[in-house]
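Structure at a glance
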Amino acid sequence: MTPSKHDLSRPAPAGRERRRPSFAWLGVLPFLAYATAFLLLPAANVLIGAFRSPNGGWTLDNVATLFEEPYRTAFKNSIEVSLVTALLGGLLGLMIAYSALREGTPKWIRGSLTTFSGVAANFAGIPLAFAFIATLGVLGVVTTFMTETLGINPYDHGFSLFTKTGIEIVYLYFQIPLMILVIAPAIDGLRREWREAASGLGASAFQFWRHIGVPILMPSLLSAMVLLFGNAFAAYATAYGLTGGSIGLVPIVIGFFLSGDVLDNPHLGQALSFGMFVVLGLMMLAYIPLQKLSSRWMR
């Protein structure tokens, strides 16, 4: 039966329409190629090499060695430095961010703080170590001023910039700005209507923060601290430039293997990297659900 003109002019059902192929995904190819060449392939090489022996066979001895000295102490130092800087950086960054970003604060303070935080969060490595040595080193500006003017030399009272505590002080320089950048959207998510409603019901400022403010910010705060932990755990150049490798941290120990200072078993360096993957992977397992929970309050 020949179809009528009325039937030919009728549009085809939506399910039967031919979809034109989209080539928008081609724009992602450069990033995928870059990630594969400089992230996925090196990570796969590390994971495989961690379980290889010097003669080419498979072994678990490299991973088992991580629980022996000095590698166990290196992981302990790295975890301790990361935890201290994540907690202090998270709390200090939260207080600074809320003071500068809350309603009623002049806009120029917010702009200046976010600009400085964006720069300081990426200022690390050898330049940061040199800046602190020139400031708080044995002959640093602040140290010399305290010695000549106040008559107090901090190095005579147990302080030293070239210790684990010194590394934590230096790390806070980029941890606090990073926290400010990460927590700012969560602070903006605290709506004024919530505070007005709580005040209208007779709640005090303490009650508002206890029952509303802190529960809402807690997932974002914890997820940001997890991010700070990973940022400090993987840092290398700052600690090495500050201490010259005298403090055993996992990235520094791995650097010794890569530089050829340790030649007996290069696969042990890959095992140390595998141990870092495990620690950071556990942090990501905690970060993902916290991030999903915090995103509910930012919609």
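Everything numeric here is computed off the predicted structure, so don't read it as measured data.

**Digging into the overall build of the protein**
- In terms of regular secondary structure, the protein is built from 13 helices and 0 strands.
- The secondary structure elements of the protein, listed N-terminal to C-terminal, are α-α-α-α-α-α-α-α-α-α-α-α-α.
- Within the protein, buried positions represent 36% of all 299 residues.
- Pairs at least 24 residues apart make up 72% of the contacts formed inside the protein by residues separated by at least 6 positions.
- For the protein, the accessible area works out to roughly 18500 Å², and carbon and sulfur atoms hold 67% of it.

**Some details on the layout of surface pockets**
- Roughly 430 Å³ of volume is contained in the largest pocket.
- Around the largest pocket, the lining is made up of 21 residues, and of these Val-46, Ile-254, Leu-258, Ser-273 and Phe-277 lie nearest the centre.
- Mapped onto the lining of the largest pocket, the elements with two or more residues apiece are helix H2 (29-49), helix H12 (250-258) and helix H13 (267-295).
- With 7 residues, the top contributor of residues to the lining of the largest pocket is H2.
- In the lining of the largest pocket, the residues fall into 16 nonpolar, 5 polar and no charged.

**A few points about the nonpolar core**
- In this structure, Phe-75, Leu-94, Met-179, Ile-183 and Leu-272 are the most contacted members of the largest nonpolar core, which totals 41 residues.
- Those elements giving two or more residues to this core turn out to be helix H4 (71-101), helix H8 (164-188), helix H10 (205-233), H12 and H13.
- By residue number, the principal contributor to this core is H8, which donates 9 residues.
- What Met-179 contacts, discounting residues up to four positions off in sequence, is Gly-89, Gly-90, Gly-93, Leu-94, Leu-221, Ala-224 and Leu-228.
- One finds Phe-132, Tyr-155, Ala-239 and Ile-247 within the second-largest nonpolar core, a separate group that totals 17 residues.

**Considering the pattern of salt bridges**
- Within the structure shown, the criterion is met by 3 salt bridges.
- Here Glu-69 makes a salt bridge to Arg-72, at a shortest N to O gap of 3.2 Å.
- Judged by its relative accessible area of 48%, Arg-72 falls in the partly exposed class.
- Here Glu-80 makes a salt bridge to Lys-164, at a shortest N to O gap of 3.0 Å.

**Observations regarding the packing of aromatic side chains**
- If you walk through the whole model with that rule in mind, you get 10 aromatic pairs.
- On the basis of an interplanar angle of 70° and a centroid distance of 5.6 Å, the ring pair of Tyr-155 and Phe-159 is categorised as edge-to-face.
- By relative accessible area, which is 24% here, Phe-159 ends up partly exposed.
- Through a chain of ring-to-ring contacts, the aromatic side chains of Tyr-98, Phe-208 and Trp-209 assemble into a single cluster.
- Above the ring of Trp-58, the side-chain terminus of Arg-52 is found at 4.3 Å from the ring centroid.

**Digging into the environment of Phe-51**
- Tracing the chain through its elements places Phe-51 in the loop between H2 and helix H3 (61-65).
- A relative accessible area of 24% means that Phe-51 is categorised as partly exposed.
- C-alpha of Phe-51 to C-alpha of Ala-271: the two residues are 220 residues apart in sequence and 7.4 Å apart in space.
- Sequence-distant contacts of Phe-51, defined by excluding residues within four places in its chain, comprise Gly-57, Trp-58, Thr-59, Leu-60, Val-63 and Phe-274.

**Things to note about empty space enclosed by the protein**
- Considering all chains together, one arrives at 2 cavities of 30 Å³ or more under this definition.
- Roughly 40 Å³ of volume is contained in the largest cavity.
- If you trace the largest cavity, you find it lined by Ser-78, Val-81, Ser-82, Tyr-171, Ala-232, Phe-233, Ala-235, Leu-249 and Pro-251.
- Sorting the residues of the lining of the largest cavity by element identifies H4 and H10 as the ones contributing at least two each.
- Partitioned by chemical class, the residues of the lining of the largest cavity number 7 nonpolar, 2 polar and no charged.

Rules used in this analysis
Residues numbered from 1 in each chain as written. Predicted model: local features only at pLDDT ≥ 70, side-chain atom pairs only at ≥ 80, totals over all residues. Heavy atoms only, no water. Helix = DSSP H or I, 4+ residues; strand = E, 2+ residues; numbered from the N terminus. Buried < 20%, exposed > 50% of the residue type's maximum accessible area, 1.4 Å probe, protein only. Contact = heavy atoms within 4.5 Å. Areas by Shrake-Rupley, 256 points an atom, 1.4 Å probe, with all protein chains shown as cover. 1 Å grid on protein atoms, 1.4 Å probe; cavity = no way out; pocket = protein on both sides within 12 Å on 5 of 7 lines; lining within 4 Å. Points joined across faces, edges and corners; volume = space filled by probe spheres on them. Nonpolar A, V, L, I, M, F, W, Y, C, P; charged D, E, K, R; others polar. Core = buried A, V, L, I, M, F, W, Y, C linked by side-chain atoms within 4.5 Å. Salt bridge = Lys/Arg side-chain N within 4 Å of Asp/Glu carboxyl O. Phe/Tyr/Trp six-rings, centres within 6.5 Å; stacked < 30°, edge-to-face > 60°. Lys NZ or Arg CZ within 6 Å of the ring centre and 35° of its normal.

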